[in-house]
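Coordinate analysis (summary)
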Amino acid sequence: MQNPAIQKMVSYVKQCVSVNLEGVEKALATGAVGGKGCVINGRSLKVDLVKSAASIADEVKKNLQVSANDDTEVKVLKGGKHLLVKVPAKRLNAGVEYTTGATSTAAALCCAIVDQFKVNIWDADLVHASVWGRYPQTMEMLGGNVASLLSVPQQNEGMGYALRNVPCAHIALITKKNAMNAAALSSILEQAAMFEMGDAIGDFERLHLMGLAYQGLNVNNLVYDIVKENAKKGTLGDVVVSTVKRAIADGIIKPLAKAPSGYVNYTTDDLSKWNAYASAGLLAGTMVTCGAARSMQHTPSVFIYFNDLVERETSLPGVDFGRVEGTGVEMAFFSHSIYGGGNPAVFAGNHIVTRHSKGFTIPCVAAAVALDAGTTIYTPEKISGTTGEVLSEVPELREPLKYVNEAAVAIKGGV
Amino acid sequence: MATYKPQFYPGKSKVAANRKKYMDPSYKLEKLRTVSDDDIVRLMGHRVPGEAYKSVHPPLEEMGEPACPIRELVEPTPGAKAGDRIRYIQMTDSVYFTPLTPYMRAWTGHTRYRGVDIGVLSGRVPLEARERDLEKVAKELVETEIFDPARCGIRGATVHGHSLRLDENGMMFDALRRFQFDKKTGEVVYVKDQIGVPLDKPISVGKPIKEDELRKRTSEYRVEDVAFRTDKEVVSFIERLHMLRTEAGFDPNRVKGI
């Protein structure tokens with residue numbers, strides 16, 4: 001609500017759209033439009049879109065602009081293969097749906113192609129199909145070449161889920177596989193969604209803000225310190241011990257009573273802060289375990305057993321009071337092949353299996369995907385296509401930690 | 001702070017003490033038998049002993065890694081460095097006083113081994129890791145006191161048997177007959193690998209642990225010996241956690257000092 005960098009990032013998620021010009025050119029040339037296996041034989045249009053990227057970009061910009069010198073931007077990337085389009089905020093503010101970003105870009109691109117290459121009325125439908133894909137026969141732009149980070153509203157699990165519907169593959173690629181930034185971007189999107197979902201309100205607002213700060217934004221260097229302590233030889237169990245040690249040292253938890261065996265029950269006067277510490281430990285545990293194996297598949301196991309172990313160590317509830325652990329159980333089923341599903345890179349906060357924890361699991365999954373050295377058949381690059389790569393050109397999305405910290409410092413008038 | 005020592009598990013019973021002991025990585029697991037490195041490889045069946053490790057990606061040094069402070073900090077395991085495939089060992093543990101219950105396998109595995117992916121299912125517990133890392137872990141899992149040749153099964157597929165009665169030799173049921181009790185030597189021998197593929201020569205995993213000894217070592221609560229309900233401290237711990245999770249879900253700000 002207060003940090004301008006976070007507001008900007010949320011706005012950019014709506015405004016920024018990726019265009020695969022090379023894809024449009026290929027689709028037009030071959031008639032392969034509307035998704036896998038669909039080819040319209042006999043339909044073909046040879047246009048040099050990649051070579052003409054600069055003029056196409058100008059035309060798209062002109063079509064999208066609301067007023068001269070507004071915040072519309074169209075950037076040509078990879079020698080014209082891709083465009084990064086920023087739809088002006090005014091255009092989004094004039095409507096109620098975030099889909100304006102993708103729809104107006106797709107429409108602007110169609111107009112630009114038709115105008116520049118003087119496409120006749122009989123071929124205009126092919127241009128539409130190559131840009132929009134099979135839509136409107138499908139809900140989304142199936143096989144299209146324009147993509148937003150956000151899925152269409154019909155694909156959201158419930159109210160306020162839009163920002164949670166970003167697969168971790170995109171997050172890892174946008175942040176160029178920097179695990180800290182991947183976790184930060186994911187945490188910002190997830191916790192911002194909590195406000196939209198009606199979770200981060202009243203008694204629960206502080207819980208989510210603390211979670212964002214400690215898990216997502218590395219407050220007091222907590223995540224980094226715990227990782228560092230266990231970087232060379234640490235196990236997940238060692239990370240649990242480091243987390244508890246730090247929570248005791250910082251006065252977050254304290255002994256309550258000793259049981260006959262000598263076991264000490266711990267208590268806290270600030271459960272939201274304990275949850276924040278535990279969620280920072282969970283991320284550190286993911287980074288140590290998945291980092292040591294350079295593999296993303298360990299995430300659900302970390303979710304379950306970090307929480308089991310931290311609960312047994314303290315007798316206090318684990319992250320999100322049991323919801324992360326439950327999420328881990330489901331995610332383990334759906335990410336370890338026999339029940340189908342997919343690898344962690346396809347998961348998002350909107351996923352049927354991972355939506356239950358309110359913002360505390362997906363940042364860890366994003367970090368794990370960033371740390372993977374290539375152990376999966378479907379790599380993040382394959383899953384994300386060009387979207388993640390193109391959106392990594394937006395500095396605020398690529399390096400959220402830097403921008404959010406700078407904005408926070410500015411609000412506080414310096415550190 | 002100075003007084004904090006990792007406590008691992010509550011409880012005053014012998015079972016709780018065993019749980020604590022096995023979960024504590026500073027406790028050295030007692031070695032009860034020797035199985036050669038090559039036999040461990042044969043039992044898992046992922047490669048032939050002596051065969052080079054297959055890789056899923058090039059060695060990290062060759063491929064280079066993206067700029068990331070966490071990658072710079074976190075040391076990859078030897079298997080990850082080399083780009084090994086991720087492989088598994090899967091255990092089935094009988095409900096009759098097995099050394100490790102399924103959950104204990106996960107808790108113990110995560111406190112003792114680095115970079116492992118453990119999952120607990122109703123009748124089996126797979127542990128996955130990079131191949132050369134896995135082989136080291138597997139050796140300790142099979143050679144030490146947390147394994148009993150008769151009541152723990154190394155089973156990659158068709159794992160059933162954990163909840164069935166033991167046979168006349170005290171062996172857990174195995175539909176694929178991977179292991180047999182050798183009456184002459186009193187040892188348990190594997191004639192098939194964990195998937196059920198016949199081995200060229202049988203592999204002995206030693207003599208079953210005696211019943212009274214198993215009851216001493218087990219981490220399983222069971223009515224015939226230490227019933228769960230008799231360990232009041234553990235029961236109250238579970239009740240406390242249940243209460244705290246529920247209260248916190250209602251309003252985290254009201255959970256103070258309890």
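Residues numbered from 1 in each chain as written. Chains lettered and ligands numbered in written order. Predicted model: local features only at pLDDT ≥ 70, side-chain atom pairs only at ≥ 80, totals over all residues. Heavy atoms only, no water.

Side note on the overall build of chain B
- Looking only at helices and strands, one finds nine helices and seven strands in chain B.
- By principal-axis analysis of the C-alpha atoms, chain B measures approximately 65 × 60 × 35 Å.
- Counting the 258 residues in chain B, one finds 53% classified as buried.
- If you take every contact in chain B between residues at least 6 apart in sequence, the share linking residues at least 24 apart comes to 65%.
- Looking at chain B as shown, the accessible area adds up to about 11,900 Å², and 53% of this sits on carbon and sulfur atoms.
- In chain B, which carries 45 positive and 40 negative side-chain charges, the distance between the mean positions of the two groups comes to 4 Å. (Helix = DSSP H or I, 4+ residues; strand = E, 2+ residues; numbered from the N terminus. Buried < 20%, exposed > 50% of the residue type's maximum accessible area, 1.4 Å probe, protein only. Contact = heavy atoms within 4.5 Å. Areas by Shrake-Rupley, 256 points an atom, 1.4 Å probe, with all protein chains shown as cover. Lys, Arg positive; Asp, Glu negative; His and termini not counted. Charge placed at Lys NZ, Arg CZ, Asp CG, Glu CD.)

Section: the overall build of chain A
- When helices and strands are tallied, chain A shows 19 helices and six strands.
- Relative to the compact-globule value of 22 Å for 415 residues, chain A shows a C-alpha radius of gyration of 23 Å, a close match.
- Judged by the C-alpha coordinates and their principal axes, chain A covers about 85 × 50 × 35 Å.
- Per-residue burial for chain A yields a buried fraction of 62% across its 415 residues.
- Partitioning the contacts of chain A with sequence separation of at least 6, the portion at a separation of at least 24 is 70%.
- Looking at chain A as shown, the accessible area adds up to about 15,500 Å², and 54% of this sits on carbon and sulfur atoms.
- Side chains of chain A give 38 positive and 38 negative charges; the mean places of these two sets differ by 4 Å. (Rg over C-alpha atoms; globule rule 2.2 N^0.38 Å.)

Section: the interface of chain B and chain A
- Residue-level contacts link 65 residues of chain B with 68 residues of chain A.
- Contact between chain B and chain A buries roughly 5,800 Å² in total, counting both sides, with carbon and sulfur atoms accounting for 59%.
- In this structure, A:Arg294 engages B:Glu65 in a salt bridge whose closest nitrogen and oxygen atoms are separated by 2.8 Å.
- Of all the elements in the fold, those that place two or more residues in the side of chain B that touches chain A are α1 (14–23), α3 (60–63), α4 (69–73), α6 (102–112), β2 (117–118), β3 (125–130) and α9 (232–250) of chain B.
- Here the side of chain B that touches chain A gets ten residues from one element, more than from any other, and that element is α9(B).
- By residue class, the composition of the side of chain B that touches chain A is 36 nonpolar, eleven polar and 18 charged. (Buried area = accessible area lost by both parts, 1.4 Å probe. Salt bridge = Lys/Arg side-chain N within 4 Å of Asp/Glu carboxyl O. Nonpolar A, V, L, I, M, F, W, Y, C, P; charged D, E, K, R; others polar.)

Structural notes on the sheet that holds strand β7 (residues 198–204) of chain B
All names here are of chain B.
- Strand order in the open sheet formed by three strands is β5-β6-β7, and the pairing between neighbours is antiparallel. The outermost strands of the open sheet, each flanked by one partner alone, are β5 (179–182) and β7. Going across the sheet, the axis of each strand differs from the next one's by a mean of 25°, ignoring polarity. (Pairing = 2+ DSSP bridges. Axes fitted to C-alpha atoms, helices over the stretch in contact; angles between N-to-C directions.)

Here's the deal with empty space enclosed by the protein
All names here are of chain B.
- All told, the structure shown has four cavities of 30 Å³ or more when counted by the stated rule.
- Considered as a void within the structure, the largest cavity measures approximately 80 Å³ in volume.
- Lining the largest cavity are 13 residues, and of these Arg105, Ile118, Val125, Leu127 and Leu141 lie nearest its centre.
- Among the secondary structure elements, those contributing two or more residues to the lining of the largest cavity are β1 (86–93), α6 and β3.
- Split into classes, the residues belonging to the lining of the largest cavity amount to ten nonpolar, two polar and one charged. (1 Å grid on protein atoms, 1.4 Å probe; cavity = no way out; pocket = protein on both sides within 12 Å on 5 of 7 lines; lining within 4 Å. Points joined across faces, edges and corners; volume = space filled by probe spheres on them.)

A closer look at the domain arrangement of chain A
Residues and elements named next belong to chain A.
- For chain A, the assigned domains are domain 1 (4–155) and domain 2 (162–384).
- For domain 1 versus domain 2, the separation of C-alpha centres amounts to 36 Å.
- Taken together, the contact between domain 1 and domain 2 spans nine residues of the former and twelve residues of the latter.
- Across the domain 1 to domain 2 interface the summed buried area is about 890 Å²; carbon plus sulfur atoms make up 78%.
- Taken together, the links from domain 1 to domain 2 amount to zero salt bridges.
- In this structure, the connection of domain 1 to domain 2 is made through three residue pairs in polar contact (both at pLDDT 80 or more). (Domains from an automatic or database assignment. Polar contact = N/O pair within 3.5 Å; in protein donor to acceptor, adjacent residues only side chain to side chain.)

Observations concerning the pattern of salt bridges
Residues and elements named next belong to chain A.
- Going through the model one piece at a time under the given rule, you end up with 43 salt bridges over all chains.
- When the shortest N-O distance is used, the salt bridge between Arg312 and Asp308 registers 3.5 Å. One end of the pair is Arg312 and the other is Asp308, both in helix α13 (residues 299–314) and four residues apart, which spans about a single turn. Across this residue pair, the class does not change: Arg312 and Asp308 are buried.

Focus: the environment of A:Cys168
Residues and elements named next belong to chain A.
- Topologically, Cys168 is positioned in helix α7 (residues 168–174).
- The class for Cys168 is buried, based on a relative accessible area of 0%.
- For Cys168 and Pro136, which are 32 residues apart along the polypeptide, the C-alpha to C-alpha distance reads 27 Å.
- Leave out the neighbours within four places in its chain, and Cys168 touches Pro344, Ala345, Phe347, Ile362, Val365, Ala366 and Val369.

Some words on the nonpolar core
All names here are of chain A.
- Trp274 and Met287 are the most contacted members of the largest nonpolar core, which totals 156 residues.
- When residues are assigned to domains, this core turns out to be shared by domain 1 (4–155) and domain 2 (162–384), each giving three or more.
- Dropping the residues within four chain positions of it, Trp274 is found in contact with Ala247, Ile252, Ile253, Thr268, Val310, Thr314, Leu316 and Pro317.
- Listed in part, the 34 residues of the second largest apolar core include Val17, Leu64, Leu109 and Val127. (Core = buried A, V, L, I, M, F, W, Y, C linked by side-chain atoms within 4.5 Å.)

Brief notes about the pairing of strand β5 (residues 253–258) of chain A
Residue and element names in this part refer to chain A.
- Taken together, the five bridges between β5 and strand β6 (residues 264–268) define a ladder with antiparallel strand orientation. Residue Pro255 lies in a different strand from β6, and its bridge partner there is Tyr266.
- Between β5 and β6, which pair antiparallel one after the other, the connecting turn spans five residues, and Gly262 there sits at a positive phi close to 100°.

Focus on unusual backbone geometry
Residue and element names in this part refer to chain A.
- That bond from Tyr135 to Pro136 is cis: its omega, 10°, falls within 30 degrees of zero.
- Unusually for a residue other than glycine, Asn69 sits at a positive phi of about 60°.
- Within the secondary structure, Asn69 is located in the loop between α3 (53–64) and β2 (73–77).

Points about the packing of aromatic side chains
Residue and element names in this part refer to chain B.
- Within the structure shown, the criterion is met by eight aromatic pairs over all chains.
- Between the aromatic rings of Tyr9 and Trp107, the centroid separation amounts to 5.9 Å while the plane-to-plane angle is 40°, which identifies the pairing as tilted. You can see Tyr9 sitting in the segment before α1 and its partner Trp107 sitting in helix α6, a full 98 residues away along the chain.
- Owing to a relative accessible area of 5%, Trp107 belongs among the buried residues under this scheme.
- Sitting above the plane of the Tyr53 ring, Arg47 keeps its charged end 4.1 Å from the centroid. (Phe/Tyr/Trp six-rings, centres within 6.5 Å; stacked < 30°, edge-to-face > 60°. Lys NZ or Arg CZ within 6 Å of the ring centre and 35° of its normal.)

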